[in-house]
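# Summary of the model geometry
One letter stands for each residue in the lines below.
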Amino acid sequence: MNRRKFLKTASMAPAAGAVAVAMAAPAPAANPALSTKIVRLNLRHTWTTTMSSSQYRDTLHTTFSRGGIIGHGEGAPIVRYHEDAASAQKAVESVRDLLLTADPMQFAKIMAEIFKRVPGEWAGKAAIDIALMDWVGQKLGIPLYTYFGLDPKDTPLTTFSIGIDTPEITKQKTLEAADYPVLKVKVGLATDEATIEAIRSVTKKPLRVDANEGWKDKEEAVRKINWLEKMGVEFIEQPLPAEMLEETRWVRSRVHIPLIADEACQHAADIPKLKESFDGVNVKLDKSGGMLEAYRMLQIAKALGMKTMLGCMISTSVSVTAAAHLSPLVDFSDLDGNLLISNDPFHGVRVEKGKLILPKGAGLGLSAAK
Ligand code: MG
């Protein structure tokens with residue numbers, strides 16, 4: 001089944017608790033304007049990880065307008081960092097005056113000030129950063145990959161994620177992902193072996209595995225990883241809880257595939273201390289607080305000789321496209337959050353045979369979904 005057919009089939013599936021999303025574009029304002037809105041995203045499949053299980057996610061959407069240009073932003077609040085869409089919205093509203101009076105071309109100065117003023121609320125910060133960067137790119141008339149000096153042909157393949165489910169549904173999800181050359185699998189439960197075996201019963205594709213801190217001791221992690229190595233797994237994300245850096249270092253010396261930090265790596269300042277325990281880092285705009293901090297993180301990780309990866313939360317094409325503009329910088333990408341929902345209000349980055357295809361328009365290059 002090709003991707004279009006898959007998406008068409010998927011969109012015909014009943015979406016439990018579906019809420020229509022009306023993303024009426026605000027009229028472009030000559031004077032500075034800011035809007036914030038919580039949008040409910042419906043999942044194509046119930047999404048289960050070691051942390052939660054749900055049929056929808058709420059993300060915060062922002063627009064920043066000035067001089068007839070509208071920049072779109074989005075942040076997906078992460079429960080693990082005690083954030084929700086309402087707290088993200090409150091954080092953005094708390095700096096409304098700053099945003100409406102500052103010069104948006106001084107976006108780095110604005111974001112530094114917001115990082116100082118607002119504790120936590122990284123999704124809220126990402127929603128501001130992305131809207132500003134989209135505005136700036138449009139103002140300059142260039143796509144954001146050009147702003148960052150990157151070649152859109154260098155985008156990596158993205159994985160397509162298979163959530164934790166019964167072996168039968170896992171097999172079905174694997175078959176639906178026929179167009180994706182690399183799959184990402186969530187593990188970290190007692191059913192790990194059954195999940196991997198279900199996938200291996202229908203495909204030989206390379207797998208990347210995310211344990212989401214699900215293994216609780218180092219011996220279990222080594223046992224599981226040694227088994228996964230034999231099952232064609234390329235790397236493991238966050239095998240142990242984030243704070244277990246010593247134990248992760250112990251694990252790293254006993255396995256043969258790279259370990260990538262996700263939950264242990266939120267900001268640029270986290271990276272140097274991860275160097276001994278991990279081979280690479282997974283950077284996400286919703287964790288870092290936007291594109292500027294994500295760019296710093298990727299440069300620091302590269303300078304330390306670590307592998308780099310861009311990931312995302314379940315979100316629309318706004319946030320995923322913003323991450324994708326930085327993706328020519330990374331070794332691995334897992335930017336499929338917009339493909340897992342059935343009511344994306346925008347078109348932005350596309351995926352062809354797994355490769356990220358960046359839009360050519362200025363800024364993020366978004367267009368409204370028909
Ligand atoms: Mg992860």
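Residues numbered from 1 in each chain as written. Predicted model: local features only at pLDDT ≥ 70, side-chain atom pairs only at ≥ 80, totals over all residues. Heavy atoms only, no water.

Further remarks concern the overall build of the chain. Scanning the chain for helices and strands turns up 13 helices and 15 strands. For 370 residues, the compact-globule estimate of 2.2 N^0.38 gives 21 Å, and the chain sits close to it at 20 Å. Reported as C-alpha extents along the three principal axes, the dimensions of the chain are approximately 60 × 45 × 35 Å. Residue burial in the chain is summarised as follows: out of 370 residues, 56% are buried. When contacts within the chain are restricted to residue pairs at least 6 apart in sequence, those whose partners lie at least 24 apart make up 68%. (Helix = DSSP H or I, 4+ residues; strand = E, 2+ residues; numbered from the N terminus. Rg over C-alpha atoms; globule rule 2.2 N^0.38 Å. Buried < 20%, exposed > 50% of the residue type's maximum accessible area, 1.4 Å probe, protein only. Contact = heavy atoms within 4.5 Å.)

The next point concerns the coordination of the magnesium ion. At this site the magnesium ion is bound by D210 (OD), E237 (OE) and D262 (OD), with donor distances of 2.1 to 2.2 Å. Read in sequence order, the donor residues coordinating the magnesium ion give the pattern D-x26-E-x24-D. Placement of D210 in strand 6 (residues 207-210) and of D262 in the loop between strand 8 (259-261) and strand 9 (280-283) is noted, with a sequence separation of 52 residues between them. Both residues of the pair, D210 and D262, belong to the buried class. (Donors = N, O, S within 2.8 Å, 3.2 Å for Na, K, Ca; no water.)

Turning our eyes to something else, we now look at the sheet that holds strand 10 (residues 307-311). The strand order across the open sheet built from 8 strands is 4-5-6-7-8-9-10-11, with neighbouring strands paired in parallel fashion. At either end of the open sheet lies a strand with only one pairing partner, and these are strand 4 (160-162) and strand 11 (332-334). With direction set aside, neighbouring strand axes in the sheet form an average angle of 25°. The pairing of strand 4 with strand 5 (residues 183-186) spans 3 bridges and is classified as parallel. The partner of I162 across the bridge, within strand 5, is V185. The sheet strands contacting helix 12 (residues 291-303) are strand 9 and strand 10, and the helix crosses strand 10 at an angle near 160°. (Pairing = 2+ DSSP bridges. Axes fitted to C-alpha atoms, helices over the stretch in contact; angles between N-to-C directions.)

Right, let's get into the side chain of S327. Turning to its location among the elements, S327 is positioned in the loop between helix 13 (317-326) and strand 11. We classify S327 as buried; its relative accessible area is 0%. In this structure the side chain of S327 is engaged in a polar contact, spanning 2.7 Å, whose partner is the backbone oxygen of A324. Every residue in contact with S327, bar those within four places of it in the chain, is listed here: D154, T155, P156, L310, L335 and L356. (Polar contact = N/O pair within 3.5 Å; in protein donor to acceptor, adjacent residues only side chain to side chain.)

This part is about the domain arrangement of the chain. Partitioning the chain into structural domains gives domain 1 (33-141) and domain 2 (146-368). Look at where the C-alpha atoms of domain 1 and domain 2 centre, and you get two points 22 Å apart. Contacts between domain 1 and domain 2 engage 39 residues on the former and 48 residues on the latter. Carbon and sulfur atoms supply 66% of the area buried between domain 1 and domain 2, which totals about 3500 Å² over both sides. The interface formed by domain 1 and domain 2 holds 1 salt bridge in total. For R80, the salt bridge goes to E213, with nearest N and O atoms at 2.7 Å. Inspection of the region where domain 1 meets domain 2 yields 14 residue pairs in polar contact (both at pLDDT 80 or more). Elements represented by at least two residues in the side of domain 1 that touches domain 2 include exactly strand 1 (33-48), strand 2 (53-66), strand 3 (69-75), helix 4 (107-117) and helix 5 (122-140). The dominant element in the side of domain 1 that touches domain 2, judged by the number of residues it contributes, is helix 5, at 11 residues. (Domains from an automatic or database assignment. Buried area = accessible area lost by both parts, 1.4 Å probe. Salt bridge = Lys/Arg side-chain N within 4 Å of Asp/Glu carboxyl O.)

Examined against the element boundaries, T36 turns out to sit in strand 1. Only 3.0 Å separates the side chain of T36 from the side chain of Q89, close enough to count as a polar contact. Side-chain polar atoms of T36 contact the side chain of E93, separated by 2.7 Å. Not counting the four nearest positions on each side in its chain, T36 is found in contact with L60, H61, T62, Q89, V92 and E93.

Here F278 shows up in the loop between strand 8 and strand 9. Residue F278 is classed as buried on the basis of its relative accessible area of 1%. Here F278 is in contact with Q238, P239, L245, T248, R252, L259, I260, A261, A264 and M306, once residues within four sequence places are set aside.

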